[in-house]
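A structural walkthrough
Residues per chain, in single letters:
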Amino acid sequence: QVQLVESGGGLVQAGGSLRLSCAASGRTFSSYAMGWFRQAPGKEREFVAAIFRNTIYADSVKGRFTISRDNAKNTVYLQMNSLKPEDTAVYYCAAAFVLTMQLYDYDYWGQGTQVTVSS
């Protein structure tokens, strides 16, 4: 079992930046692919980015967001630049056994952190 805790959300103006962090329990962190998803009210949860040995991104964030990980600290990050109002959502950290964009492949989820981008 893996426990995940997100932090770093908040309110930012359009064009600004935020860095989200996700701290994971356990000593097998490097064995998991880690992903970020987001969900706005009334919308389906959608894939944002994931990292294992390589990285993958949703087209909507490519070039603006960067996912990274520090296996020694059991932590994954999401650096978000050039933020837009449509990025407003609750952002969730998740863990999977393979590098994937599919929600159903992720077995463990954090509680989420709110990101609000004002125009």
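Residues numbered from 1 in each chain as written. Predicted model: local features only at pLDDT ≥ 70, side-chain atom pairs only at ≥ 80, totals over all residues. Heavy atoms only, no water.

Moving on: the overall build of the protein chain. Each helix and strand counted, the protein chain has zero helices and eleven strands in total. Tracing the protein chain from N to C terminus, the helices and strands come up as β-β-β-β-β-β-β-β-β-β-β. A compact globule built from 119 residues would reach a C-alpha radius of gyration of about 14 Å, and the protein chain, at 13 Å, matches this within 12%. Within the protein chain, the fraction of its 119 residues that count as buried is 45%. Of the contacts formed within the protein chain by residues at least 6 apart in sequence, a portion of 59% connects residues at least 24 apart. Accessible surface, the protein chain as shown: approximately 6,200 Å² in total, 47% of it carbon and sulfur. (Helix = DSSP H or I, 4+ residues; strand = E, 2+ residues; numbered from the N terminus. Rg over C-alpha atoms; globule rule 2.2 N^0.38 Å. Buried < 20%, exposed > 50% of the residue type's maximum accessible area, 1.4 Å probe, protein only. Contact = heavy atoms within 4.5 Å. Areas by Shrake-Rupley, 256 points an atom, 1.4 Å probe, with all protein chains shown as cover.)

What follows covers unusual backbone geometry. One non-glycine residue, Asn 74, lies in positive phi territory at about 50°. Tracing the backbone through its elements, the reader meets Asn 74 in the loop between strand 7 (65-70) and strand 8 (75-80). The exposure class of Asn 74 is buried, given its relative accessible area of 14%. For Ser 82, which is not glycine, the phi dihedral falls at a positive 50°. Relative to the assigned elements, Ser 82 resides in the loop between strand 8 and strand 9 (89-96).

Read from one edge of the open sheet, four strands run 1-3-8-7, paired in antiparallel fashion. Bordering the open sheet on either side are strand 1 (4-7) and strand 7, each of which pairs with just one other strand. Taken over all neighbouring pairs, the strand axes of this sheet differ in orientation by 15° on average, direction set aside. The pairing of strand 3 (residues 18-24) with strand 8 spans six bridges and is antiparallel. Among the inter-strand pairings, Arg 19 is bridged to a residue of strand 8, identified as Gln 79. (Pairing = 2+ DSSP bridges. Axes fitted to C-alpha atoms, helices over the stretch in contact; angles between N-to-C directions.)

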